[in-house]
Amino acid sequence: MQGFANREALLKTISSRKATFYSRSRSSLWTKGETSMNFINVHDIFLDCDCDSIIYLGKPDGPTCHTGAETCYYTSVDDSLKDPEVDGNRLVLTTLYSLESTISKRKEELSGNSEGKPSWTKRLLLDEKLLCSKIREEADELCRTLEENEDPSRTASEMADVLYHAMVLLARKGVKVEDVLQVLRLRFTQSGIEEKSSRKS
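What counts, and at which threshold
Residues numbered from 1 in each chain as written. Predicted model: local features only at pLDDT ≥ 70, side-chain atom pairs only at ≥ 80, totals over all residues. Heavy atoms only, no water. Core = buried A, V, L, I, M, F, W, Y, C linked by side-chain atoms within 4.5 Å. Buried < 20%, exposed > 50% of the residue type's maximum accessible area, 1.4 Å probe, protein only. Contact = heavy atoms within 4.5 Å. Pairing = 2+ DSSP bridges. Helix = DSSP H or I, 4+ residues; strand = E, 2+ residues; numbered from the N terminus. Salt bridge = Lys/Arg side-chain N within 4 Å of Asp/Glu carboxyl O.

A. Representation of the nonpolar core. If you look at the biggest cluster of nonpolar residues, it comprises 14 residues, and the most contacted ones within it are I103, L124, L131, Y164, M167 and V168. For L124, the residues in contact, after removing those within four places along its chain, are L130, L131, K134, Y164, H165, V168 and R172. Core analysis: the next-biggest nonpolar cluster, separate from the first, contains 5 residues, A19, F21, I40 and Y56 among them.

B. The pairing of strand 2 (residues 28-31), seen in detail. Pairing between strand 1 (residues 20-23) and strand 2: 4 bridges, direction antiparallel. By the bridge assignment for strand 2, Y22 is matched with L29.

C. Molecular detail of the pattern of salt bridges. Using the criterion set out here, one finds 8 salt bridges in the structure. In this structure, the salt-bridge partner of R106 is E109, at a minimum N-O distance of 3.5 Å. Highlighted residues: R106 and E109, both in helix 3 (residues 85-109), separated by 3 residues, approximately one helical turn. For E109, a relative accessible area of 36% gives the class partly exposed. Between D140 and R144 there is a salt bridge whose closest N-O contact spans 3.2 Å. Of this pair, D140 and R144 are both found in helix 5 (residues 128-147), 4 residues apart, which corresponds to roughly one turn of the helix.

Listed below in structure tokens is the structure:
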């Protein structure tokens, strides 16, 4: 990502080891992750030859971009000129990866001391019977939007529920979204019948 930093932002980054910048619109310092909790833990800082540009090298706690992408620089100019749909496709992926990251964090939090009522995601992660029953329930509700000719917005809403609960199951099983996408990519080159016959029993 890229941000503006003044002397105070640099000094705070050095002392806190959290990437900190200066907001020219708000005239105040801001630390990456102060609202999203996706901090960038800085382990080194470099100056360019003219000392007017700084690079923070660090390990992020989560997605760096507000879209959920690992980097803010995910849009290729050449790709966009060749295919305007590329940007839309990337937005879909960053949304899925952002959701995956959030679910993963809830899973990690299960190993710590938790206070208060657990979130719905944590409840699902802890109770596989509840999780499986919700997936079946949401899948049935999705099918009924077709059978009962419901509004398309209702179909989108039910599909979102199916995706969310299915991704919680993936997290429970330790399967990444990218693993699923890779399986789909491989299926593009063969018929459904061939693909099913090639599956491991």
